[in-house]
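# Residue-level structural notes
Chain by chain, the residues:
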Amino acid sequence: MWGKVRKAGGRVAHAMRTETKAGGDKRPHNLFEAAAAYVTASAEDDQERADEAAGWVSPEALSFGVNELAGRAVVALARERGESPRTVARELLGLPAE
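Residues numbered from 1 in each chain as written. Predicted model: local features only at pLDDT ≥ 70, side-chain atom pairs only at ≥ 80, totals over all residues. Heavy atoms only, no water.

### What to know about the overall build of the chain
From N to C terminus, the chain includes five helices and zero strands. When the helices and strands of the chain are read in sequence order from the N terminus, they spell out α-α-α-α-α. For the chain, the residues scored as buried account for 18% of the 98 residues in total. Surface summary for the chain: the accessible area is close to 7300 Å², and the carbon and sulfur share equals 57%. (Helix = DSSP H or I, 4+ residues; strand = E, 2+ residues; numbered from the N terminus. Buried < 20%, exposed > 50% of the residue type's maximum accessible area, 1.4 Å probe, protein only. Areas by Shrake-Rupley, 256 points an atom, 1.4 Å probe, with all protein chains shown as cover.)

So, in structure tokens, the structure goes:
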């Protein structure tokens, strides 16, 4: 049992591993920094910046960060509008109300 937990933990740790910044700064990029930079660049249609941010962390970590950012954004917007997160998410995606 503990072997399975240890193996799963190792996969999570590997997925969250980051690369160091270019230019001599040794601090690694945080997966949430990568997600914020990636989403911002995508929204601004800047493919070069999106590709750079995507290279900062593993694809799994970037996916996790983007999902976390999306969830937090929907919840914040729902609170601001006084609507449910489900309603806001469907509206943002252009889906009909249920």
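Anyway, onward from the coordinates.
### Examining the nonpolar core
By size, the foremost hydrophobic cluster in this structure holds eight residues: Leu31, Ala34, Ala35, Ala53, Trp56, Val57, Ala61 and Leu62. Among the secondary structure elements, those contributing two or more residues to this core are α2 (31–43) and α4 (59–81). Tallying contributions element by element places α2 first for this core, with three residues. (Core = buried A, V, L, I, M, F, W, Y, C linked by side-chain atoms within 4.5 Å.)

### Considering the pattern of salt bridges
In the structure shown here, the tally under the stated rule is four salt bridges. A salt bridge links Arg49 to Glu44; the shortest N-O distance between them is 2.9 Å. The closest approach of N and O atoms between Glu91 and Arg81, which form a salt bridge, is 2.8 Å. Residue Glu91 is located in helix α5 (residues 85–92), and its partner Arg81 is located in helix α4; the two are separated by ten residues in the primary sequence. Owing to a relative accessible area of 35%, Arg81 belongs among the partly exposed residues under this scheme. If you follow the salt bridges from partner to partner, you end up with Glu44, Asp46 and Arg49 in one network. (Salt bridge = Lys/Arg side-chain N within 4 Å of Asp/Glu carboxyl O.)

### A closer look at α2
In this model α2 runs 18 Å from its N-terminal to its C-terminal C-alpha over 13 residues, within 8% of the 18 Å that 1.5 Å per residue would give. Of all the positions in α2, only Leu31, Ala34, Ala35 and Ala41 are classed as buried. An end-on view of α2 places all buried positions within 140 degrees of arc, on one side of the element. At its buried positions, α2 is contacted by α3 (47–54) and α4. The backbone nitrogen of Phe32 has a side-chain oxygen 2.5 Å away, supplied by the residue at the start of α2, namely Asn30. Of the residues trailing α2, Asp45 is marked for its positive phi of about 55 degrees. (Expected span 1.5 Å × (residues − 1). Arc of directions from axis to C-beta. Contact = heavy atoms within 4.5 Å. Polar contact = N/O pair within 3.5 Å; in protein donor to acceptor, adjacent residues only side chain to side chain.)

This is a description of form; function is not addressed.
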